[in-house]
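# Examining the three-dimensional arrangement
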Amino acid sequence: MNFEDAMKKGFLNLEPTEADRLLGELFDEDDAAARLDAGLALLSTFVPQDKATMVLDLAQVIIDANEEIEFAGGHYEDDDEEN
C-alpha cells in the first residue's frame, strides 16, 4: 500500500500488515521533515486537526516514560498482574 492509498483509506482502516509496511517505509525515510509531514497527514485521517496537538502531547508523555523506564534498565509491567 502506498501513502496516497493509505490517506484515502484512512490509517485505522488499514490491515495490520499494510500499516506495518507503511510505517516501516516512513521510518526508513531519511528526511525528518518528510516523516513529520507524512505522520501528521496519517494522523489527520482519524484525529480531528484541532485535537492533533493533544494526541501528540499524550504520545510524547508515553514515549518519554517508556524511554526513562528502559534507560533505568526496567521494563513496563502491568501493576494489575501483581495484585
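Now for a quick tour of the structure. None of these values were measured; they are calculated from a predicted model. (Residues numbered from 1 in each chain as written. Predicted model: local features only at pLDDT ≥ 70, side-chain atom pairs only at ≥ 80, totals over all residues. Heavy atoms only, no water.)

## What to know about a negative patch on the surface
Negative charge collects at one region of the surface, where Glu25, Asp28, Glu29, Asp30, Asp31 and Asp37 lie side by side. By the secondary structure assignment, Asp28 is in helix α2 (residues 16-28). A residue is classified by how much of its surface remains accessible, and Asp28, at 62% relative accessible area, is exposed. (Patch = residues over 30% accessible without salt bridge, like charges linked within 9 Å, V, L, I, M, F, W, Y side chains within 5 Å. Areas by Shrake-Rupley, 256 points an atom, 1.4 Å probe, with all protein chains shown as cover. Salt bridge = Lys/Arg side-chain N within 4 Å of Asp/Glu carboxyl O. Lys, Arg positive; Asp, Glu negative; His and termini not counted. Charge placed at Lys NZ, Arg CZ, Asp CG, Glu CD. Helix = DSSP H or I, 4+ residues; strand = E, 2+ residues; numbered from the N terminus. Buried < 20%, exposed > 50% of the residue type's maximum accessible area, 1.4 Å probe, protein only.)

## Some remarks on the packing of α2 against helix α3 (residues 32-43)
Close contact between α2 and α3 brings their axes to 9 Å; oriented N to C, the two are set at 155°. With respect to their mutual orientation, α2 and α3 come out roughly antiparallel. Of the two possible hands of crossing, α2 and α3 adopt the one that is left-handed. Mapping the contact onto sequence places Leu22, Leu26 and Phe27 in α2 and Arg35, Ala38 and Leu42 in α3. Across the contact of α2 with α3, the residue classes tally to five nonpolar, no polar and one charged. (Axes fitted to C-alpha atoms, helices over the stretch in contact; angles between N-to-C directions. Parallel < 35°, antiparallel > 145°, perpendicular 65-115°, else oblique. Left-handed = near helix turned anticlockwise from the far one by under 90°. Contact = heavy atoms within 4.5 Å. Nonpolar A, V, L, I, M, F, W, Y, C, P; charged D, E, K, R; others polar.)

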